[in-house]
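As a plain string of letters, each chain reads:
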Amino acid sequence: GLVQLKPPQKHPTSTVMVIDDSPVLLSQFRNWVSALGYLVTTCQDANNAIDIIKKVKPSIIFIDINMPEVSGFDLVKQIRQQPDFKEISLAILTGEQKLSNKWRAQWSGCEFLTKPLTNAGISDFQVQLEELIPRLLSASTS
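Residues numbered from 1 in each chain as written. Predicted model: local features only at pLDDT ≥ 70, side-chain atom pairs only at ≥ 80, totals over all residues. Heavy atoms only, no water.

A. Spatial organisation of helix 3 (residues 72-80). Turning to helix 3, its buried residues number three or more, namely G72, F73, L75, V76 and I79. Seen from one end, helix 3 has its buried residues packed into an arc of 155 degrees, which puts them on one side. (Buried < 20%, exposed > 50% of the residue type's maximum accessible area, 1.4 Å probe, protein only. Helix = DSSP H or I, 4+ residues; strand = E, 2+ residues; numbered from the N terminus. Arc of directions from axis to C-beta.)

B. Here's a closer look at the nonpolar core. Judged by nonpolar contacts, the single largest core of 23 residues is most densely connected at I19, I53, I61, I63, L75 and I79. Those elements giving two or more residues to this core turn out to be strand 1 (11-19), helix 2 (49-56), strand 3 (60-64), helix 3 and strand 4 (89-94). Broken down by element, the residue count for this core peaks at four residues, all from helix 3. If sequence neighbours within four positions are ignored, I63 has contacts with I19, G72, L75, V76, I79, L90, A91, I92 and L93. Core analysis: the second largest hydrophobic core is formed by 20 residues, V16, F29, A91 and L137 among them. (Core = buried A, V, L, I, M, F, W, Y, C linked by side-chain atoms within 4.5 Å. Contact = heavy atoms within 4.5 Å.)

C. Examining the environment of L113 more closely. Within the secondary structure, L113 is located in strand 5 (residues 111-114). Taking relative accessible area as the criterion, L113 reaches 5% and is therefore assigned buried. Note: C-alpha distance between L113 and Q128 (15 residues apart in sequence) is 8.1 Å. Beyond its immediate chain neighbours, meaning those up to four positions away, L113 contacts F62, I92, L93, T94, F125, Q128, L129 and L132.

Put into structure tokens, the structure is as follows:
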């Protein structure tokens, strides 16, 4: 059996946004999600995130927890307070696997995704993204 690679499907109306203070993660995330056929917008400064969300109108936002000045959970609160953003699916993205973070994410109505901490974890993370994004998109449209 030969391995057949499918070309990425295009999802021109689905924009995925990631907010993280790490330029390396933003670049990697853009590459991974773009390879799945989605439009990707990144934001490195959580203070500017609300303005960018208003302009871009993403379908899904991945938010890092530990950022300078504005924590990911504070940003989730700000997003949830905006009536125009109620249809946007949110996912917490962190390197910390603390149970308390998972509970806080669940309590805030967010998915929880752990960043890959080693090169070995990258392929698992990519599979998780590939499964999570369509699920979040279908949740935001229902």
